[in-house]
Number of protein chains: 4
Amino acid sequence: MTVRAAVAGASGYAGGELLRLLLAHPEVEIGALTGNSNAGQRLGALQPHLLPLADRILQETTADVLAGHDVVFLALPHGQSAAVAEQLGPDVLIIDMGADFRLKDAGDWETFYGSPHAGTWPYGLPELPGARAALEGSKRVAVPGCYPTAVSLALFPAYAAGLAEPEAVIVAASGTSGAGKAPKPHLLGSEVMGSMSPYGVGGGHRHTPEVIQNLSAAAGERVRVSFTPTLAPMPRGILATCSASAKPGVTAESVRAAYEKAFADEPFVHLLPEGQWPATASVYGSNAVQVQVAYDAAANRIIAISAIDNLTKGTAGGAVQSMNIALGLDETTGLTTIGVAP
Amino acid sequence: MTVRAAVAGASGYAGGELLRLLLAHPEVEIGALTGNSNAGQRLGALQPHLLPLADRILQETTADVLAGHDVVFLALPHGQSAAVAEQLGPDVLIIDMGADFRLKDAGDWETFYGSPHAGTWPYGLPELPGARAALEGSKRVAVPGCYPTAVSLALFPAYAAGLAEPEAVIVAASGTSGAGKAPKPHLLGSEVMGSMSPYGVGGGHRHTPEVIQNLSAAAGERVRVSFTPTLAPMPRGILATCSASAKPGVTAESVRAAYEKAFADEPFVHLLPEGQWPATASVYGSNAVQVQVAYDAAANRIIAISAIDNLTKGTAGGAVQSMNIALGLDETTGLTTIGVAP
Amino acid sequence: MTVRAAVAGASGYAGGELLRLLLAHPEVEIGALTGNSNAGQRLGALQPHLLPLADRILQETTADVLAGHDVVFLALPHGQSAAVAEQLGPDVLIIDMGADFRLKDAGDWETFYGSPHAGTWPYGLPELPGARAALEGSKRVAVPGCYPTAVSLALFPAYAAGLAEPEAVIVAASGTSGAGKAPKPHLLGSEVMGSMSPYGVGGGHRHTPEVIQNLSAAAGERVRVSFTPTLAPMPRGILATCSASAKPGVTAESVRAAYEKAFADEPFVHLLPEGQWPATASVYGSNAVQVQVAYDAAANRIIAISAIDNLTKGTAGGAVQSMNIALGLDETTGLTTIGVAP
Amino acid sequence: MTVRAAVAGASGYAGGELLRLLLAHPEVEIGALTGNSNAGQRLGALQPHLLPLADRILQETTADVLAGHDVVFLALPHGQSAAVAEQLGPDVLIIDMGADFRLKDAGDWETFYGSPHAGTWPYGLPELPGARAALEGSKRVAVPGCYPTAVSLALFPAYAAGLAEPEAVIVAASGTSGAGKAPKPHLLGSEVMGSMSPYGVGGGHRHTPEVIQNLSAAAGERVRVSFTPTLAPMPRGILATCSASAKPGVTAESVRAAYEKAFADEPFVHLLPEGQWPATASVYGSNAVQVQVAYDAAANRIIAISAIDNLTKGTAGGAVQSMNIALGLDETTGLTTIGVAP
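Residues numbered from 1 in each chain as written. Chains lettered and ligands numbered in written order. Predicted model: local features only at pLDDT ≥ 70, side-chain atom pairs only at ≥ 80, totals over all residues. Heavy atoms only, no water.

**Focus on unusual backbone geometry**
A cis geometry characterises the amide bond from A341 of chain B onward to P342 of chain B, with omega recorded as 0°. Following the sequence through the fold, P342 of chain B ends up in the segment after α11 (312-327). In this structure, N300 of chain D is a non-glycine residue whose phi angle is positive, near 55°. Mapped onto the elements of the fold, N300 of chain D is located in the loop between β11 (289-296) and β12 (301-308). What makes N300 of chain D partly exposed here is its relative accessible area of 26%. (Helix = DSSP H or I, 4+ residues; strand = E, 2+ residues; numbered from the N terminus. Buried < 20%, exposed > 50% of the residue type's maximum accessible area, 1.4 Å probe, protein only.)

**Considering the UniProt feature "active site" (unreviewed entry) in chain A**
Residues and elements named next belong to chain A. UniProt's entry tags C146 with the feature "active site" (unreviewed entry), counted in the numbering of this structure. Within the secondary structure, C146 sits in helix α7 (residues 146-160). Sequence-distant contacts of C146, defined by excluding residues within four places in its chain, comprise H207, I238, I308, N310, G314 and T315. (UniProt positions renumbered as here; feature names shortened; annotations may be inferred. Contact = heavy atoms within 4.5 Å.)

**Thoughts on the sheet that holds strand β8 (residues 224-231) of chain C**
All names here are of chain C. Strands sit in the order β7-β8-β6-β9-β12-β11-β10 across an open sheet of seven strands; the sheet is mixed. With partners counted over all chains shown, the strands left at the sheet margins are β7 (197-198) and β10 (269-271), one partner each. As paired elements, β7 and β8 share two bridges and run antiparallel to each other. Across the sheet, residue P198 finds its bridge partner in β8, namely T230. Packed onto the sheet, helix α9 (residues 208-219) meets β6 (164-174) and β8 and runs at close to 135° relative to β8. (Pairing = 2+ DSSP bridges. Axes fitted to C-alpha atoms, helices over the stretch in contact; angles between N-to-C directions.)

**Digging into the relation of the copies chain A and chain B**
For the pair of chain copies, the relating transformation is a rotation about an axis with a translation along it. For the match of chain A to chain B, the screw axis carries a shift of 0.0 Å, the RMSD comes to 0.0 Å, and the turn is 180°. The symmetry that links the two subunits is that of a two-fold axis. Looking at the interface residues of chain A, 100% of them are also at the interface in chain B, so both copies use one shared face. (Least-squares fit on C-alpha atoms with pLDDT ≥ 70 in both.)

**Comments concerning the interface of chain A and chain B**
Opposite the 39 residues of chain A that make contact, chain B presents 39 residues. In this assembly, chain A packs against chain B so that about 3000 Å² is buried in total across both faces, 67% of it on carbon and sulfur atoms. In this structure, the connection of chain A to chain B is made through zero salt bridges. Our enumeration of links across chain A and chain B arrives at ten residue pairs in polar contact (both at pLDDT 80 or more). (Buried area = accessible area lost by both parts, 1.4 Å probe. Salt bridge = Lys/Arg side-chain N within 4 Å of Asp/Glu carboxyl O. Polar contact = N/O pair within 3.5 Å; in protein donor to acceptor, adjacent residues only side chain to side chain.)

**Comments concerning the interface of chain D and chain C**
If you look at the interface, chain D gives 39 residues, while chain C gives 39 residues. Surface buried jointly by chain D and chain C totals about 3000 Å² across both partners, of which 68% is contributed by carbon and sulfur atoms. At the junction of chain D and chain C, the tally comes to zero salt bridges. Taken together, chain D and chain C are joined by nine residue pairs in polar contact (both at pLDDT 80 or more).

Right under this line is the structure:
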């Protein structure tokens, strides 16, 4: 099979990472590349690490340019995907790396994004219960947010196994690429090197309702979530430190068993041996998820920690994984569990 | 007043930071400097940033060498301070930057440190209720751990004001200097740059009982604490993200009022204006603590976040602050609230 | 003496560093603070590390605002200083941290800056032969560029002692704060962390003629200079690796002797003991310069390497040092040779 | 073809990077993995980024263990390769990632390494004139040092084309992984983050004679080289800033033409478009070399700058590239020119 893929938003970090992965995908041929503010420029000037595409010229993001491909990846600011998808029609596989179609609850969408809800597409986190089946053969995929990917994979087994009370506290550290390529003063290297800082504290981050949606689905009841994202002095990676009160009778063994079962057949999620903890460096550039879990009896909490690469499994790798499933390819095609370290 | 100070353990990070501060202290004259494995070496080879002391030679850590000073700072591995203190006698001000005299509960000490409990000295975190009075005129000071400094200052006002339930979840990110100068593979620059990773997960970190001690004292009841430390790719700084369930009736206003009251007269703790969040870069090299707090109504949790420099306020600056109080000097002498940024 | 100082351009990195130093200067009272695009904002929002000035409000940069001070520091884009200086009149000490008055040769200025030459002021690098005398009592100071500071101090002794041929090759690595606070894509943390890259290669960097001016003055003949700046993944610091062909008869001993002599009485330049090499971390936040020199007999080159903090000795510390001299204060007042490390 | 490969020294950085590449190589099956001090340990504990090999156990480095493979890679301390190679016999392809067989001149070897010279093997930098032919079908390969790879590729075209005088000045910045995984105080994250520092200044670095050997071969005359390596605060990457005096008549055009000709058919060396400069981030994890060159007429020097990943093209990627040639595979098999950025 040769799949012809277009990428809308090829000049940003999500688009660049996607192209890095697609270049290594044996079934994909890279078609049109678009980027509105950078249309007309050589990709080599914008993504100098993608040498094989250095002489490609970015085009405008229009339906005409994106038409005629088997797959169209959208890495656009939120609010723009619905119109593009409608113009491309129902037969093109559209994989939205933005937020537009992630949330099921229109009210949540409007509260956190301040615009009308565009709808809900199959959710591209195949490891969640039921998610893989919904992606098979689908022509639409909503790629999860980077934080929800890390957090949901860390905590859903505890909820799915009925081990955790419906309240979770999450503190996640992200590399700066998660904040995108648009230059802002607080994202300057001078500001971020040597500094840790929180943002969106108190439930304001837009990924909060997405995390609640995923955990609540696993729990079968509404989970209250305290989510604090922090910016870490590294380009890539998310370390999500998550915990939840344990239900009565929980033991270290029952927690471990639940996680072993949840990830037994997952090609990308690696439950570490006991005593070893995740590190974002270990999944740098890889689609792997490292997870570890502990039960703190004194605090009566289950602590689950995951490490992902926010751009790979957290964005573009998750998109490719979902594309593989949607197209009936082997889920791991073109993806790796090997990190670039040290 | 001229205070003659000796430093035992001058070759490590805590000792180096202490010397940096003492060099700028108008009332202190730096006396003997010791460091067992490095005795006989020039300080300039070990602490090349301390140019005024470059030609000083490190001596062995013995009571003879440390005798004859007004103040002796101990930056020694735990378990060694009691013997030194006994030899120096009751009239010398001894400030222990190690853990030996921090905990009140001998059982906690033995559980976490695996050795007999040496005792309890006045606790060098003057901002805690009652702590300042205990330090005044004292000849013994136990300098708090770096994490307990950051965490206790973030959360004690909520407990002291009766706003929080007795369970706290804490995730703290520390710069690598907190792990010391002894070379270990996981602390190599190649390993830590670009990486976030947790350690001591599930309640095993030695600072856990110290945090519990402080928060429980403020709450007037035993507080259950889930504490997860993480290693961040930066040399200095702690960002402590702390939260606790809110008691019934808590509002954003009552939380803010409690924090404003707690820190109103504190020279080093700066409650940031609403909407601004702490960053470790802002307190780099300074004794300041930046604190911010929010009430997340949806999660019903109080979120309090603090940023400190782990070596300054978290270790050596806290030591100097306590020395000032113990000696009757102005508490801020020789200390700054100005960070080195960017 | 109390000196009342105004700072034009207080929101940028140079201005922020200057304020950090002035806050610690015992003879200075900080007056007006200006910053055009940020006028009206709290300084605490822009320079969160300067807690004592957090509630100060930035004003517009006008002569009216800057009038009535003993010293006015200008941290403005090049081309603006002359007009401000003229309005303030000849009796105010004006210290220009920009480039406008550094170069003696109008042709060099016009070639590299593309605008008419404003003139030449006494050059604020007191360690250069004759420079200190020109600063004493002066009402005008041109603060050197950061690279010329590091490079000139590394190489002038070799030229002043007649040991080096008139050709120098310089490769300097700078922290990102040298590029300023205006957000540009290539200065994002995501771009600079983990990356070294050159810029202004081939003689195009504006500091090139300033370096040539200083080295040629020391040599008494025109020195050809190959200067390559590189951007390093750190917020602060310059490491300048400089070399020049040795004249016949040069030995390791004659080189060392020349450097010892040049810096024997300098309070801020520290010639390291043989075998120890400069590191930018050692001068972090300090006004010190670490210098080391070697003679490579096989290559017949003198290698001189310096480390400075680009914001301190390379900009704001150099400015305060020159202010002290101009005002007749002790040259070291308010400045330190102690770095913040690790 | 399936090639069975053993790796001696699998626990270090060179060995880990080699395994990362071999895992992606379609013709290689990974056989024995050895590591003396770590023999008996799971690879997952030592190289947590290599998930597919996590359960492999390291063996002792003995000829028995290494026998029976088609290719044996040696990542051993210098001085050990000759004995291993002799025991394995002449029919096994041995690729030495250490220094033992790089130098032709026994005197240079003895001067810089202080031990008897083991001999000289075909040199694994195929881009050098004549090197590719010597590797074809060879059973022995000496992989170049990381600095000599970066420097030789930057400068040899100027020498091969007769454009440069026989004196070169090189300043190279390396990521910390180049210093290996053995824990030493100056390599701690606390020490290297935020710091640039030189080492081996004045011609003392062991890569100096190797650089001279390569450049002199290209020039047809002995080239004098001043080489200064510096340690940069990043885990990977080398930026080599190289220059040489231009011969009479050299122009920007003749320089550019020489470089275009030298790299026209090279799959891994990418001469950047004029105006764009190399960055180590762009070749992170890739086997690509980014090169740019300029002629500085005022200084009369040719400036050539290259960026490589020290672990990939500078060590393990170079080893795989040479293996491919030696085995008659396509030279690019299993290697990429795509970096992991940002």
